[in-house]
Amino acid sequence: MEKNKKKRNEFLYFAFRNHKLRIGLLIVVFFLVMAIIGPSFTENDPLSFIHRGAPLKPFQSEDFLFGTTVFGQDVYSQFVHGLRATFVVGAIGGGLATLIGVIVGFVGGYMGGKTDEGLNMGTNIVLVIPTLAVLLIISAYLEVRGILLESIFIGCTAWPWTARAVRAQTFSLRAREFVDLAKMTGMKSLKIIFKEIAPNMMSYLLLVFILQFGGATLNAATLDFIGLGPTEGISLGLMMNHAVAHSALLLDIWWWFIPPGFAITAIVGALYVTNVGLDEVFNPKLREM
Amino acid sequence: MSLHVENLKVYYQTLSGDVRALDGATFDIADGEIMGLAGESGCGKTTLAHSLIRLTPPLKFIGGRVELDGEELPIADMEKMDDFRFRKISIVPQYAMNALNPTRKIGKMTAELLASKGAKMKDVEPELRRRLDLVGLTQDVLDMYPIELSGGMKQRMVMVLSTLLDPSLLMADEITSALDVSTQKAVAEMLVEFRDRQFVKSMIIITHDISILYQVADTIMIMYAGQLAEKASKETIIESPRHPYTKMLISSLPQVGVQVNDTRLKGIPGTPPQLLEPPKGCRFRARCPLAFDKCLEVPPFVEVDPGHMVACWKEPGKNA
Amino acid sequence: MRRYFGRKVLIYLLTFFIAVTIDWLIPRFMPGDPVLSMLGRVGTAHPDTVNAMREYFTRVFGLDVPFWQQYLNFWASLLRGDLGVSVYRFPQSVVDVIMNAVPYDIALLVPSILLSWIAGNKFGAYAARRKWLDNTVLPLGYTLTATPYMWLAILLAWGLGIKLDLFPIAGAYAFDMAPHWSWRFISSVLHHWFLPFASLFLVNLGGWAIGMRNVIIYELEADYSHYLEALGAPQKLVRKYAYRNALLPQITGLALQLGVIVAGALVTEVVFSYPGIGFQLLAAIQNQDYFLIQGCFLFIISGVLLANFIIDIAYVIVDPRTRRGMTGETA
């Protein structure tokens with residue numbers, strides 16, 4: 001107990017001092033807060049055609065902070081609602097992918113033998129198939145799609161690299177002495193898993209989840225951009241889809257397509273940087289002197 | 001050749017401060033001498049070896065002077081040391097089994113290494129092949145990848161490689177630690193043969209296993225907690241040591257034929273001090289049965305008999 | 001080595017088999033009657049056309065035949081090279097549409113993948129040399145790799161294409177030209193090709209640079225690097241060995257990233273209306289042209305599998321250990 005508490009305090013100490021972690025988290029939290037409270041600053045429904053006349057530029061009107069689209073929709077409203085969708089898909093899709101990857105990788109790595117061979121082959125097969133192609137095919141045939149469905153699809157196709165990594169980690173942990181020790185004292189398998197191996201993998205799983213979150217966000221944005229995202233609602237990818245389809249480029253309505261892409265880049269980039277920072281916190285060897 | 005080390009201080013940089021891993025080492029090694037360097041884990045023996053050949057962060061040079069064959073070794077200057085490495089001073093590292101590039105054929109790697117040091121493979125090759133024979137490696141080894149060799153074979157290859165240009169001083173860092181007893185003997189004897197055939201002039205054999213040193217070394221130097229404790233011929237160290245630590249170390253060694261019922265193994269109570277903020281004076285003070293108030297001052301490493309150095313206030317030297 | 005390739009080929013064949021099966025299964029499990037919906041979307045009322053299509057679709061879907069036979073028929077026509085007829089480009093066959101689109105994909109993918117991989121590796125290796133380089137390359141790399149492909153494409157199209165008017169942003173060549181051999185045509189093709197290529201190149205570049213930087217730092221701290229330094233080998237030699245060893249996981253990484261890169265190419269084509277498979281696929285989806293969708297999907301999968309196989313061969317050539325039959329599944 002005492003040792004765990006000390007370890008945690010040591011982590012927190014390094015976590016606060018790590019620049020990458022601080023900056024990365026700051027950016028992600030900034031957008032998260034925007035996604036949560038942003039929509040309450042506007043009464044405009046993101047998809048309604050409200051404004052008549054020429055599209056407004058950002059800061060031109062109080063009601064439309066980010067300007068309007070070519071159809072008179074509120075870009076700010078679209079943006080903050082789209083942010084929400086982004087975080088939802090990232091969390092659910094990324095979480096699901098992490099979960100599946102962890103289970104597949106861990107079971108294979110821990111059990112070994114035929115189970116491992118089978119799971120590993122399955123992983124390799126799903127790994128080779130290009131995700132987007134499968135998502136396209138499935139989405140194309142479904143007429144109505146929700147954001148939950150999109151998250152599940154992404155989660156079910158993005159897990160292989162996680163499975164591989166977790167499998168490798170499991171191998172190395174399984175061979176460690178403390179597991180042998182636990183086995184010798186007659187601990188049951190399940191208990192070994194939860195008490196000895198799991199705590200060591202926790203930090204690794206956090207890193208994996210962050211990467212999956214970022215990946216899910218990018219995947220969703222791509223799907224949405226092609227027009228195969230959720231059939232209702234708005235998302236950042238969908239904003240870009242509409243913008244391009246309705247000549248925003250030619251009409252120079254840059255406030256329609258720049259914010260959504262920028263937000264995704266910033267969030268995903270911040271996640272990657274956070275990941276690197278966390279890795280440094282967890283692995284003393286990598287810490288800057 | 002001779003190695004002269006004077007007051008060498010090298011610390012480890014850590015986030016909590018400097019660990020005083022090597023705090024003022026002064027000693028000499030004569031031409032042709034095989035010196036065993038022994039002590040507990042963390043006593044500073046590997047630090048000493050690395051300081052002489054590759055002083056990189058987190059190691060930090062604090063002070064001192066090293067002379068090899070009369071020339072000063074610029075150990076604090078990574079670039080200038082390149083002129084001395086491999087030709088004058090060399091090392092068979094602790095990680096010898098992983099020391100070869102896994103994706104390069106051994107012969108090719110050797111040729112490239114030699115070329116980068118200004119030596120030509122075709123000049124060196126005949127001698128290289130002779131030495132391969134000597135250590136019991138086939139000539140094919142040059143055409144193989146490291147992964148095709150066993151651990152022992154790789155280690156012997158590294159021994160040949162490190163001594164290829166006949167360095168004046170060779171350091172062998174824990175090269176017997178991972179081996180079984182009979183292989184240990186073979187490897188240790190190989191080292192002596194290298195010296196006898198003058199592939200190397202002098203040697204420092206680093207180990208925590210004193211019994212090996214008794215077999216092959218001429219002299220033994222004992223280190224404790226970053227300080228030198230005693231240096232003497234191997235017979236003196238084993239049979240008539242004078243530093244309290246050495247005495248307790250030797251007596252804690254199991255002897256052949258002695259059973260527990262006759263004499264129990266004596267350990268040394270206590271643990272070595274941590275070196276972040278080491279105790280003042282002699283670092284063995286806390287565990288030493290002979291400690292008295294003078295021990296709060298660091299005892300100098302002085303000659304008490306010809307060729308016998310001790311750092312202990314209870315053993316005044318000729319010059320005390 | 002035979003075992004190594006044997007396993008790989010087995011996985012690829014299995015994957016192909018599964019992919020084809022998925023491709024065949026999905027229309028049959030989606031809600032609704034495929035024939036009716038296909039007819040509905042064709043959007044023509046002319047009775048002759050409607051009858052011909054209904055007959056064709058029923059025959060092609062083989063709905064009057066037991067399930068397993070439908071499946072075998074599908075494989076039969078696939079192996080014959082018959083992927084059906086495109087609906088929205090009727091009467092062009094799917095194979096035709098795809099074959100017309102493929103050269104553009106190859107023109108985009110091959111140079112951008114190769115160049116970004118090579119350049120990214122070089123940048124990543126340089127970054128490991130000096131702290132200030134590292135502090136520039138890293139954030140830049142992370143930003144590029146976090147950028148969604150279509151957004152960079154949009155930025156380039158808008159910035160360089162429209163605002164600065166340096167490049168065209170639609171099509172593979174000028175609309176008033178027909179393909180022919182002349183400098184004018186070739187330069188038009190290159191002019192149209194450049195922005196989509198640059199977009200793909202830049203995003204991929206970031207990923208490789210970061211990957212290489214991380215791997216090479218690891219290699220520079222490996223035992224063999226330390227040994228060479230202890231023997232006084234110049235940094236050039238140490239870096240050369242570290243670089244060569246770092247290339248190996250980068251090759252593996254290339255295989256793993258193929259799916260992502262291909263997806264990136266798809267959306268880039270959409271932004272630039274560049275007539276590759278991605279563009280055709282999108283049009284097929286918008287027009288509910290199921291045959292074309294299926295055909296594109298199969299083609300993409302086959303392409304990726306083939307590319308994976310080529311990369312596996314490259315890996316064996318570059319890593320001498322696999323040739324000596326030692327390593328198995330480290331790739």
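Residues numbered from 1 in each chain as written. Chains lettered and ligands numbered in written order. Predicted model: local features only at pLDDT ≥ 70, side-chain atom pairs only at ≥ 80, totals over all residues.

Q: Mind showing me how you'd approach the overall build of chain A here?
A: Of regular secondary structure, chain A possesses 11 helices and zero strands. When the 289 residues of chain A are sorted by exposure, 49% land in the buried category. Put simply, of all contacts in chain A between residues at least 6 apart along the chain, 72% involve residues at least 24 apart. (Helix = DSSP H or I, 4+ residues; strand = E, 2+ residues; numbered from the N terminus. Buried ≥ 20, exposed ≤ 12 C-beta atoms within 10 Å, placed from the backbone. Contact = placed C-beta atoms within 7 Å.)

Q: Looking at this structure, I do not really get the overall build of chain C. What am I missing?
A: When its secondary structure is counted, chain C shows 13 helices and zero strands. Listing the helices and strands of chain C from first to last along the sequence gives α-α-α-α-α-α-α-α-α-α-α-α-α. Among the 331 residues that make up chain C, the fraction classed as buried is 44%. Of all intrachain contacts in chain C linking residues separated by at least 6 positions in sequence, the fraction that spans at least 24 positions is 71%.

Q: Whenever I open this one, the interface of chain A and chain C confuses me. Can you help?
A: Interfaces are frequently sized by the accessible area removed from exposure as the parts join. Tallying the contact residues gives 36 residues for chain A and 39 residues for chain C. Taken together, the elements giving at least two residues each to the side of chain A that touches chain C come down to helix 4 (113-128), helix 5 (131-141), helix 9 (189-226), helix 10 (236-245) and helix 11 (254-282) of chain A. Here the side of chain A that touches chain C gets nine residues from one element, more than from any other, and that element is helix 11 of chain A. Grouping the constituent residues of the side of chain A that touches chain C by class yields 30 nonpolar, six polar and no charged. (Nonpolar A, V, L, I, M, F, W, Y, C, P; charged D, E, K, R; others polar.)

Q: Would you mind showing me how to read the environment of Ser151 of chain A here?
A: All names here are of chain A. Note on placement: Ser151 falls in helix 6 (residues 147-157). Of the residues examined, Ser151 has 25 C-beta atoms within 10 Å and is grouped as buried. Residues within four places of Ser151 in sequence aside, it is in contact with Val88, Val89, Ile92, Gly93 and Leu96.

Q: Explain the environment of Gly90 of chain A to me, please; I cannot follow it from the model alone.
A: Residues and elements named next belong to chain A. Its place among the elements puts Gly90 in helix 3 (residues 75-111). Taking the C-alpha atoms as reference points, Gly90 and Tyr76, separated by 14 residues in sequence, lie 21 Å from one another. Each residue touching Gly90, except ones within four places of it in the same chain, is listed here: Phe213, Ala216 and Thr217.

Q: Would you explain the nonpolar core in this entry?
A: Within the largest apolar cluster, 256 residues are counted, with the highest numbers of intra-cluster contacts made by Met240 of chain A, Met171 and Ile205 of chain B together with Ile154, Ala157, Ile293 and Cys296 of chain C. Here this core gets 20 residues from one element, more than from any other, and that element is helix 10 (residues 235-272) of chain C. (Core = buried A, V, L, I, M, F, W, Y, C linked by C-beta atoms within 7 Å.)

Q: Explanation requested: the sheet that holds strand 2 (residues 17-29) of chain B in the structure shown.
A: The pairing of strands in a sheet comes from backbone hydrogen bonds and takes either a parallel or an antiparallel form. All names here are of chain B. Read across the open sheet, the four strands follow the order 2-1-4-5; overall the sheet is antiparallel. Looking at the sheet topology across the chains shown, the edges are occupied by strand 2 and strand 5 (71-72). Here two bridges tie strand 4 (residues 59-68) to strand 5, and the two strands are oriented antiparallel to one another. Counted as the bridge partner of Glu67 is Glu72 from strand 5. In this fold helix 1 (residues 45-53) packs onto strand 1 (3-14), strand 2 and strand 4, with an angle of close to 80° to the strand it touches most, strand 2. (Pairing = 2+ DSSP bridges. Axes fitted to C-alpha atoms, helices over the stretch in contact; angles between N-to-C directions.)

Q: Help me understand the confidence of the model for chain C in this model?
A: Interpreting fine coordinate detail is not advised for predicted regions of low pLDDT. Residue and element names in this part refer to chain C. Summarising the model, chain C shows a mean pLDDT of 84, and 90% of its residues fall at 70 or more. The spread of mean pLDDT over the elements of chain C runs between helix 2 (residues 34-42), the lowest at 64, and helix 9 (residues 223-230), the highest at 95. Counting contacts from residues 327-331, a segment whose pLDDT is below 50, to residues more than four positions away or on other chains yields five contacts. (pLDDT = per-residue confidence, 0-100.)

Q: Looking at this structure, how should I read the pairing of strand 4 of chain B?
A: Successive side chains on a regular strand alternate, one facing one side of the sheet and the next facing the other. Residues and elements named next belong to chain B. Here eight bridges tie strand 1 to strand 4, and the two strands are oriented antiparallel to one another. The residue of strand 4 that forms the bridge with Val10 is Phe61. Linking two consecutive strands that pair antiparallel, namely strand 4 and strand 5, is a turn of two residues; a positive phi of about 50° is found at Asp69 within it.

Q: Just to check I follow, could you spell out the packing of helix 8 (residues 183-220) of chain C against helix 10 of chain C for this structure?
A: The relative placement of two packed helices is expressed as an angle between their axes plus a distance between the axes. All names here are of chain C. Their axes nearest at 9 Å, the elements helix 8 and helix 10 cross at an angle of 155°. Between helix 8 and helix 10, the angle falls in the class roughly antiparallel. Both helix 8 and helix 10 take part in a crossing whose hand is right-handed. Along the lines of polarity and charge, the residues of the contact of helix 8 with helix 10 split into 16 nonpolar, 10 polar and two charged. (Parallel < 35°, antiparallel > 145°, perpendicular 65-115°, else oblique. Left-handed = near helix turned anticlockwise from the far one by under 90°.)

Q: Honestly, the pairing of strand 1 of chain B in this entry has me stumped. Any pointers?
A: Residue and element names in this part refer to chain B. Relative to strand 2, strand 1 runs antiparallel, the two being bridged by nine bridges. Residue pairing for strand 2: Val5 is matched across the bridge by Phe27. Connecting strand 1 to the next strand, strand 2, in antiparallel fashion are two residues.

Q: I tried to follow unusual backbone geometry on my own but got confused; where do I start?
A: Negative phi is the rule for most residues except glycine; trans is the rule for most peptide bonds. Following Pro57 of chain B, the chain continues into Pro58 of chain B via a peptide bond in cis, with omega recorded as 10°. Among the secondary structure elements, Pro58 of chain B is positioned in the loop between helix 1 and strand 4. A positive phi angle is found at Asp252 of chain A, which is not glycine, with a value near 60°. The topology assignment puts Asp252 of chain A in the loop between helix 10 and helix 11. Backbone geometry places Asp69 of chain B, a non-glycine residue, at a positive phi of 50°. Relative to the helices and strands, Asp69 of chain B is located in the loop between strand 4 and strand 5.

Q: What is the right way to read the sheet that holds strand 10 (residues 227-233) of chain B from this model?
A: All names here are of chain B. Taking strand neighbours across the sheet as the criterion, the eight strands line up as 6-7-8-3-9-10-12-11 in an open arrangement whose pairing is mixed. Strands with a single pairing partner mark the edges of an open sheet, and in this sheet they are strand 6 (89-92) and strand 11 (302-305). If you compare each strand with its neighbour and ignore which way they point, the axes differ by 25° on average. For strand 9 (residues 219-224) and strand 10, the ladder comprises six bridges, and the chain directions are antiparallel. The residue of strand 10 that forms the bridge with Met223 is Leu228. The strands touched by helix 5 (residues 151-162) within the sheet are strand 6 and strand 7 (169-173), with strand 6 carrying the most contacts at an inclination of about 180°.

Q: Can you walk me through the confidence of the model for chain A in this structure?
A: On average, chain A scores 84 in pLDDT, and the residues at 70 or more come to 89%. Of all helices and strands in chain A, the one with the weakest mean pLDDT is helix 8 (residues 177-184) of chain A (68), whereas helix 10 of chain A scores best (92).

Q: Just checking my understanding: could you explain the environment of Arg129 of chain C for this structure?
A: Residues and elements named next belong to chain C. By the secondary structure assignment, Arg129 is in the loop between helix 5 (94-127) and helix 6 (131-146). A count of 13 C-beta atoms within 10 Å places Arg129 in the partly exposed class. Considering only alpha carbons, one finds Arg129 and Ile216, 87 residues apart in sequence, at a separation of 9.9 Å.

Q: Is there a simple way to think about helix 9 (residues 244-251) of chain B in this case?
A: Residues separated by three or four positions in an α-helix point in the same direction, a consequence of the helix having 3.6 residues per turn. Buried residues of helix 9 of chain B: Pro244, Tyr245, Thr246 and Leu249 of chain B, and no others. For helix 9 of chain B, the secondary structure elements touched by its buried residues are strand 9, strand 10 and helix 8 (234-239) of chain B.

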